[in-house]
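Listed below, chain by chain, are the residues.
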Amino acid sequence: VYKKMPFDAVNDFTPISVLGATPLVLVATKSLPANNVKELVALLKSKPDDYNLASSGNGTIIHLAGMLFLDQAGVQARHIPYKGTGPMVNDLLSGQVQFGVVALPAIQAHIKSGAVKAIGLCGTTRSPAAPDIPTIAEQGLPQYDVEGWFAVVGPAKLPAAEVKRVHDAFVKAFASPEVVDAMNKQGNVIKPTSPEEAASFFRSEAARYAALAKKASISLD
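Just so it is clear, the model here is predicted, and its values are computed rather than measured.

The rules behind the values
- Residue indices begin from 1 for each chain and proceed along its sequence in written order.
- The model is predicted, so local features are restricted to residues of pLDDT at least 70 and side-chain atom pairs to those at 80 or more, both for listing and for counting; the totals for chains, interfaces and linings are taken over all residues.
- With hydrogens and water stripped out, all remaining heavy atoms of the structure feed into the side-chain values.
- Numbering of helices and strands starts at the N terminus; helices are DSSP runs of H or I of at least 4 residues and strands are runs of E of at least 2.
- Pairs of N or O atoms within 3.5 Å make up the polar contacts considered here, provided that, within protein, one atom can donate a hydrogen while the other can accept it, and that residues adjacent in sequence are counted only when both atoms are side-chain atoms.
- Note on contacts: a residue pair qualifies if any of its non-hydrogen atoms lie within 4.5 Å across the two residues.
- Between buried and exposed lies partly exposed: a residue is buried under 20% and exposed over 50% of the maximum accessible area for its type, with that area taken using a 1.4 Å probe on protein chains only.
- Any two of the Phe, Tyr and Trp rings considered here, Trp counted by its six-membered ring, make a pair once their centres fall within 6.5 Å; the pair's planes then place it as stacked at under 30 degrees, edge-to-face at over 60, or tilted in between.
- To define axes, lines are fitted to C-alpha atoms, for helices over the stretch in contact only, and angles between the resulting N-to-C directions are given on a 0 to 180 degree scale.
- The labels follow the angle: roughly parallel below 35 degrees, roughly antiparallel above 145, roughly perpendicular from 65 to 115, and oblique for the rest.
- Three categories are distinguished: nonpolar for Ala, Val, Leu, Ile, Met, Phe, Trp, Tyr, Cys and Pro, charged for Asp, Glu, Lys and Arg, and polar for the others, with Gly belonging to the last.

## Things to note about the side chain of Thr14
Part 1 of the reasoning: Within the fold, Thr14 resides in strand β1 (residues 13–22).
Part 2 of the reasoning: Only 2.5 Å separates the side chain of Thr14 from the backbone oxygen of Pro155, close enough to count as a polar contact.
Part 3 of the reasoning: Each residue touching Thr14, except ones within four places of it in the same chain, is listed here: Val152, Val153, Gly154, Pro155, Ala156, Lys157, Leu158 and Val163.

Quick look at the structure:
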């Protein structure tokens with residue numbers, strides 16, 4: 001989303017591991033007359049200028065996830081960026097905006113209470129933390145896949161022995177019972193990758209979102 005950066009996000013770091021991801025979920029205000037992807041797409045197609053897509057800020061993964069949904073569904077909505085997830089969720093709850101993508105841990109209590117409706121999970125598999133929420137992919141958009149992944153990186157040209165040491169330490173830490181329990185409670189999925197897999201993943205993600213940012217004219221410069 002930035003035309004110029006003071007560093008290369010891929011080549012100026014040493015990939016160590018993609019540790020896992022936080023599930024994202026597309027939700028709608030409870031008054032919206034749509035309960036699943038098919039109904040939401042039909043609604044947006046019938047009234048392309050009437051609905052607002054909320055995000056936690058311009059250029060965030062939440063924003064990109066929402067724009068990717070619009071792109072793959074072939075629909076339109078007005079993007080309303082907020083300064084963070086909190087204000088965004090408040091306006092979703094009050095119906096000031098109609099739908100948006102939110103990290104599952106930040107919205108799950110409101111989904112359970114019925115304050116908002118879960119339209120679909122943004123990853124390709126259902127979350128153990130919310131197994132009853134179907135994915136967007138299984139509801140007719142099979143290529144849709146967005147998660148809030150988190151990773152470990154080091155400075156460029158980090159020696160191989162140091163990469164292995166740090167990698168092994170993180171894998172061990174995230175396998176400990178107390179960390180596993182904490183991650184499960186937050187709905188995070190932990191699947192540490194190798195440094196080689198992380199490097200490949202970073203390149204593919206950079207290319208994927210660069211193409212989306214260009215297509216959707218998302219820029220912060």
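## Here's the deal with unusual backbone geometry
Part 1 of the reasoning: Residues other than glycine seldom take positive phi values, yet Lys157 does so here, at roughly 60°.
Part 2 of the reasoning: By the element assignment, Lys157 lies in the loop between β7 (148–155) and α5 (160–173).
Part 3 of the reasoning: Judged by relative accessible area, Lys157 falls into the exposed class, the value being 81%.

## Side note on the packing of aromatic side chains
Part 1 of the reasoning: Under the definition given, this model contains five aromatic pairs.
Part 2 of the reasoning: Centre to centre, the rings of Phe7 and Phe13 are 5.7 Å apart; their planes meet at 90°, and the pair counts as edge-to-face.
Part 3 of the reasoning: On the basis of relative accessible area, Phe7 is assigned to the partly exposed category, the value being 37%.
Part 4 of the reasoning: Take Phe13: its relative accessible area is 33%, and that puts it in the partly exposed class.
Part 5 of the reasoning: On the numbers, 5.5 Å between centres and 25° between planes, the contact of Trp149 with Phe202 is stacked. With a gap of 53 residues between them, Trp149 in strand β7 and Phe202 in helix α7 (residues 195–215) connect regions that are remote in the sequence.
Part 6 of the reasoning: For Trp149, a relative accessible area of 33% corresponds to the partly exposed category.
Part 7 of the reasoning: Residue classification places Phe202 among the buried positions, given a relative accessible area of 11%.

## Examining the side chain of Thr193
Part 1 of the reasoning: Topologically, Thr193 is positioned in the loop between β8 (189–190) and α7.
Part 2 of the reasoning: In this structure Thr193 comes out as buried when scored by relative accessible area, which is 18%.
Part 3 of the reasoning: Residue contacts for Thr193: discarding those within four places in its chain leaves Ile16, Ser17, Val18, His167 and Ala198.

## Things to note about the packing of helix α1 (residues 37–46) against helix α2 (residues 61–73)
Packed helices, taken two at a time, are described by the angle their axes make and the gap between the axes.
Part 1 of the reasoning: At their nearest, the axes of α1 and α2 sit 11 Å apart, and the two run at 80° to each other. Classified by the angle between their axes, α1 and α2 sit roughly perpendicular to one another. Where α1 abuts α2, its residues Val37, Leu40, Val41, Leu44 and Lys45 lie against Phe69, Leu70 and Ala73.
Part 2 of the reasoning: Broken down by class, the residue content of the contact of α1 with α2 amounts to seven nonpolar, no polar and one charged.

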